[in-house]
Amino acid sequence: MIRGFFQGYAEMMQTLGSKINIHSMKESVRILNDCKQVYIIAAGDTGTLAKHLSFRLGRAGIRAVYSELADYYLNTINLADQGDALIAISKSGITKTVIQGAELAKKKGLPVITITEYENSVIGELADYVLLCKGDFDRFDYYKNYSNLSATAVVEAFVGLLENRDKIIEKKMDTIELMLSEAKL
(Lines give C-alpha, C1' and ligand atoms only; values in the text may rest on other atoms or scores of the structure.)
Protein backbone atom coordinates (compact mmCIF):
# COMPACT_ATOMS: atom_id res chain seq x y z
CA MET A 1 0.00 0.00 0.00
CA ILE A 2 2.76 2.48 0.88
CA ARG A 3 4.61 1.77 -2.37
CA GLY A 4 1.32 2.38 -4.17
CA PHE A 5 1.28 5.95 -2.89
CA PHE A 6 4.77 6.54 -4.25
CA GLN A 7 3.86 4.91 -7.56
CA GLY A 8 0.86 7.24 -7.81
CA TYR A 9 3.09 10.24 -7.09
CA ALA A 10 5.57 9.13 -9.75
CA GLU A 11 2.78 8.80 -12.32
CA MET A 12 1.49 12.24 -11.35
CA MET A 13 4.97 13.72 -11.92
CA GLN A 14 5.17 12.07 -15.36
CA THR A 15 1.79 13.51 -16.32
CA LEU A 16 2.80 16.93 -15.01
CA GLY A 17 6.05 16.86 -16.99
CA SER A 18 4.24 15.94 -20.19
CA LYS A 19 1.71 18.77 -19.79
CA ILE A 20 4.07 21.64 -18.92
CA ASN A 21 4.08 24.42 -21.48
CA ILE A 22 7.69 24.52 -22.71
CA HIS A 23 7.40 28.08 -24.06
CA SER A 24 5.95 29.38 -20.76
CA MET A 25 8.70 27.73 -18.73
CA LYS A 26 11.44 29.01 -21.03
CA GLU A 27 10.10 32.58 -21.06
CA SER A 28 9.55 32.55 -17.29
CA VAL A 29 13.18 31.55 -16.75
CA ARG A 30 14.30 34.31 -19.12
CA ILE A 31 12.18 36.91 -17.32
CA LEU A 32 13.51 36.00 -13.90
CA ASN A 33 17.07 35.83 -15.18
CA ASP A 34 16.75 39.40 -16.49
CA CYS A 35 14.58 41.01 -13.79
CA LYS A 36 15.80 43.32 -11.05
CA GLN A 37 13.39 41.96 -8.44
CA VAL A 38 10.60 39.42 -8.38
CA TYR A 39 7.51 39.72 -6.21
CA ILE A 40 5.97 36.42 -5.15
CA ILE A 41 2.37 36.35 -3.98
CA ALA A 42 0.13 33.61 -2.64
CA ALA A 43 -2.50 33.19 0.06
CA GLY A 44 -3.47 30.42 2.41
CA ASP A 45 -1.79 27.04 2.07
CA THR A 46 0.28 27.99 -0.98
CA GLY A 47 1.92 30.72 1.11
CA THR A 48 4.44 28.18 2.40
CA LEU A 49 5.30 27.29 -1.19
CA ALA A 50 5.74 30.99 -2.04
CA LYS A 51 8.03 31.42 0.96
CA HIS A 52 10.06 28.41 -0.18
CA LEU A 53 10.26 29.80 -3.73
CA SER A 54 11.44 33.16 -2.43
CA PHE A 55 14.20 31.47 -0.41
CA ARG A 56 15.29 29.28 -3.34
CA LEU A 57 15.39 32.24 -5.75
CA GLY A 58 17.55 34.17 -3.30
CA ARG A 59 19.96 31.24 -3.18
CA ALA A 60 20.01 31.29 -7.00
CA GLY A 61 21.03 34.96 -6.95
CA ILE A 62 17.63 36.43 -7.81
CA ARG A 63 16.28 39.19 -5.58
CA ALA A 64 12.85 38.01 -4.40
CA VAL A 65 10.22 39.51 -2.07
CA TYR A 66 7.43 37.59 -0.36
CA SER A 67 5.06 38.35 2.49
CA GLU A 68 2.15 36.39 3.91
CA LEU A 69 0.16 39.61 4.35
CA ALA A 70 -1.90 40.63 1.33
CA ASP A 71 -1.84 44.31 2.30
CA TYR A 72 1.95 44.19 2.43
CA TYR A 73 2.46 42.43 -0.89
CA LEU A 74 -0.04 44.69 -2.61
CA ASN A 75 1.88 47.70 -1.26
CA THR A 76 5.25 46.34 -2.41
CA ILE A 77 3.89 45.61 -5.90
CA ASN A 78 2.61 49.17 -6.00
CA LEU A 79 6.24 50.30 -5.48
CA ALA A 80 7.58 48.04 -8.25
CA ASP A 81 9.66 49.44 -11.09
CA GLN A 82 10.18 48.55 -14.74
CA GLY A 83 12.39 45.48 -14.88
CA ASP A 84 10.62 43.79 -11.97
CA ALA A 85 8.36 40.74 -12.31
CA LEU A 86 5.56 38.97 -10.44
CA ILE A 87 5.00 35.30 -9.68
CA ALA A 88 1.45 34.60 -8.51
CA ILE A 89 0.65 31.21 -7.00
CA SER A 90 -2.99 30.15 -6.78
CA LYS A 91 -3.81 26.50 -7.30
CA SER A 92 -7.52 27.25 -7.76
CA GLY A 93 -6.82 30.35 -9.83
CA ILE A 94 -9.52 32.32 -8.04
CA THR A 95 -7.84 33.60 -4.86
CA LYS A 96 -9.07 37.17 -4.54
CA THR A 97 -5.94 38.82 -3.10
CA VAL A 98 -3.67 37.03 -5.57
CA ILE A 99 -5.87 38.24 -8.43
CA GLN A 100 -5.69 41.79 -7.02
CA GLY A 101 -1.90 41.55 -6.92
CA ALA A 102 -1.73 40.30 -10.50
CA GLU A 103 -4.07 43.06 -11.68
CA LEU A 104 -1.91 45.69 -9.98
CA ALA A 105 1.25 44.19 -11.48
CA LYS A 106 -0.33 44.31 -14.96
CA LYS A 107 -1.21 48.00 -14.44
CA LYS A 108 2.42 48.63 -13.45
CA GLY A 109 3.62 46.89 -16.63
CA LEU A 110 5.22 43.93 -14.84
CA PRO A 111 5.29 40.53 -16.53
CA VAL A 112 3.07 38.12 -14.60
CA ILE A 113 3.97 34.44 -14.23
CA THR A 114 1.46 32.23 -12.49
CA ILE A 115 1.61 28.76 -11.02
CA THR A 116 -1.91 27.32 -11.06
CA GLU A 117 -3.85 24.16 -11.75
CA TYR A 118 -6.28 25.85 -14.12
CA GLU A 119 -5.04 27.80 -17.15
CA ASN A 120 -8.52 29.10 -17.93
CA SER A 121 -8.99 30.50 -14.41
CA VAL A 122 -9.05 34.21 -13.59
CA ILE A 123 -5.37 34.19 -12.57
CA GLY A 124 -4.43 32.12 -15.62
CA GLU A 125 -6.09 34.60 -17.94
CA LEU A 126 -4.32 37.55 -16.24
CA ALA A 127 -0.90 35.92 -16.58
CA ASP A 128 1.59 36.42 -19.34
CA TYR A 129 2.91 32.90 -18.68
CA VAL A 130 1.14 30.01 -16.96
CA LEU A 131 3.01 27.13 -15.34
CA LEU A 132 0.40 24.42 -14.82
CA CYS A 133 0.76 22.43 -11.63
CA LYS A 134 -2.11 19.96 -11.93
CA GLY A 135 -0.55 16.53 -11.71
CA ASP A 136 -3.74 14.58 -12.38
CA PHE A 137 -5.47 16.26 -15.30
CA ASP A 138 -8.39 13.83 -15.36
CA ARG A 139 -9.73 14.74 -11.92
CA PHE A 140 -11.68 17.70 -10.64
CA ASP A 141 -12.09 16.91 -6.95
CA TYR A 142 -10.08 19.92 -5.83
CA TYR A 143 -10.68 19.79 -2.08
CA LYS A 144 -10.71 16.02 -1.70
CA ASN A 145 -7.19 15.49 -3.06
CA TYR A 146 -5.57 18.80 -2.11
CA SER A 147 -1.79 18.55 -2.19
CA ASN A 148 1.07 20.88 -3.02
CA LEU A 149 3.21 18.08 -4.45
CA SER A 150 2.67 19.05 -8.10
CA ALA A 151 3.09 22.78 -7.44
CA THR A 152 6.28 22.03 -5.51
CA ALA A 153 7.58 19.97 -8.44
CA VAL A 154 6.94 22.88 -10.82
CA VAL A 155 8.76 25.26 -8.45
CA GLU A 156 11.72 22.88 -8.14
CA ALA A 157 12.01 22.42 -11.94
CA PHE A 158 11.76 26.17 -12.44
CA VAL A 159 14.45 26.95 -9.85
CA GLY A 160 16.60 24.11 -11.18
CA LEU A 161 16.61 25.74 -14.60
CA LEU A 162 17.46 29.11 -13.09
CA GLU A 163 20.29 27.63 -11.04
CA ASN A 164 21.76 26.13 -14.20
CA ARG A 165 21.25 29.21 -16.38
CA ASP A 166 24.99 29.90 -16.69
CA LYS A 167 25.60 26.43 -18.14
CA ILE A 168 22.57 26.83 -20.38
CA ILE A 169 23.66 30.25 -21.68
CA GLU A 170 27.25 29.03 -22.10
CA LYS A 171 26.16 26.16 -24.32
CA LYS A 172 23.63 28.37 -26.16
CA MET A 173 20.91 25.72 -26.05
CA ASP A 174 17.77 26.56 -27.98
CA THR A 175 15.13 24.38 -26.33
CA ILE A 176 13.95 23.79 -22.82
CA GLU A 177 14.09 20.02 -23.36
CA LEU A 178 17.85 20.24 -23.72
CA MET A 179 18.02 22.53 -20.70
CA LEU A 180 16.08 20.04 -18.61
CA SER A 181 18.28 17.12 -19.60
CA GLU A 182 21.47 19.14 -18.97
CA ALA A 183 20.16 20.27 -15.58
CA LYS A 184 19.43 16.60 -14.72
CA LEU A 185 16.02 17.43 -13.27
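Look up: the structure comes first, before these words.
Residues numbered from 1 in each chain as written. Predicted model: local features only at pLDDT ≥ 70, side-chain atom pairs only at ≥ 80, totals over all residues. Heavy atoms only, no water.

Things to note about the overall build of the protein
Quick reminder of the rule: Note on conventions: DSSP H or I runs of at least 4 residues are helices, E runs of at least 2 residues are strands, and numbering of each starts at the N terminus. Working definition: with a 1.4 Å probe on protein chains only, accessible area under 20% of the residue-type maximum means buried, over 50% means exposed, and in between means partly exposed. Note on areas: these come from Shrake-Rupley sampling with a 1.4 Å probe, and a residue is covered only by the protein chains present in the view.
A count of helices and strands for the protein gives 9 helices and 5 strands. For the protein, the succession of helices and strands along the chain, N to C, is α-α-β-α-β-α-β-α-β-α-β-α-α-α. For the protein, the proportion of its 185 residues judged to be buried stands at 49%. A total of about 10100 Å² of accessible surface is found on the protein, and carbon and sulfur atoms cover 52% of it.

With respect to the side chain of Asp84
Basically, it comes down to this: Charge assignment: positive for Lys and Arg, negative for Asp and Glu; neither His nor the chain ends contribute. Salt bridges, as used here, are contacts in which a Lys or Arg side-chain nitrogen is within 4 Å of a carboxyl oxygen on Asp or Glu. Here a polar contact is recorded for every N or O atom pair within 3.5 Å, except that within protein the pair must consist of a potential hydrogen donor and a potential acceptor, and residues adjacent in sequence are included only if both atoms are side-chain atoms.
The topology assignment puts Asp84 in the loop between α4 (70-78) and β3 (85-89). No salt bridge is formed by the buried Asp84; the nearest opposite charge belongs to Lys36, separated by 4.8 Å. Looking at Asp84, its side chain comes within polar contact range of the main-chain nitrogen of Gln37, at 3.3 Å. A distance of 3.4 Å separates the side chain of Asp84 from the side chain of Tyr39, its partner in a polar contact.

Examining the pattern of salt bridges
For the structure shown, the criterion picks out 6 salt bridges. The partner of Glu163 in a salt bridge is Arg56, with the nearest N and O atoms 2.9 Å apart. In this pair, Glu163 sits in helix α7 (residues 149-163) while Arg56 sits in helix α3 (residues 47-59), placing the two residues 107 residues apart along the sequence. We note a salt bridge from Glu117 to Lys91, for which the minimum N-O separation is 3.5 Å. Within this pair, whereas Glu117 is found in the loop between β4 (112-116) and α6 (122-126), its partner Lys91 is found in the loop between β3 and α5 (96-107), the two being separated by 26 residues in sequence. Taking the relative accessible area as the measure of exposure, Glu117 reaches 14% and is therefore buried. The buried category is assigned to Lys91, whose relative accessible area is 3%. Each of Glu27, Arg30 and Asp34 takes part in salt bridges that share partners, so that together they form one network.

Thoughts on the packing of aromatic side chains
Quick reminder of the rule: Two aromatic rings from Phe, Tyr or Trp, using only the six-membered ring of Trp, form a pair when their centres are within 6.5 Å; if the ring planes differ by under 30 degrees the pair is stacked, by over 60 it is edge-to-face, and anything between is tilted.
In total, this model carries 1 aromatic pair according to the counting rule given. Ring centres of Phe6 and Tyr9 lie 6.0 Å apart, and the angle between their planes is 85°; on these two criteria the pair is classed as edge-to-face. One end of the pair is Phe6 and the other is Tyr9, both in helix α1 (residues 2-19) and 3 residues apart, which spans about a single turn. Residue class for Phe6 comes out exposed when judged on its relative accessible area of 60%.

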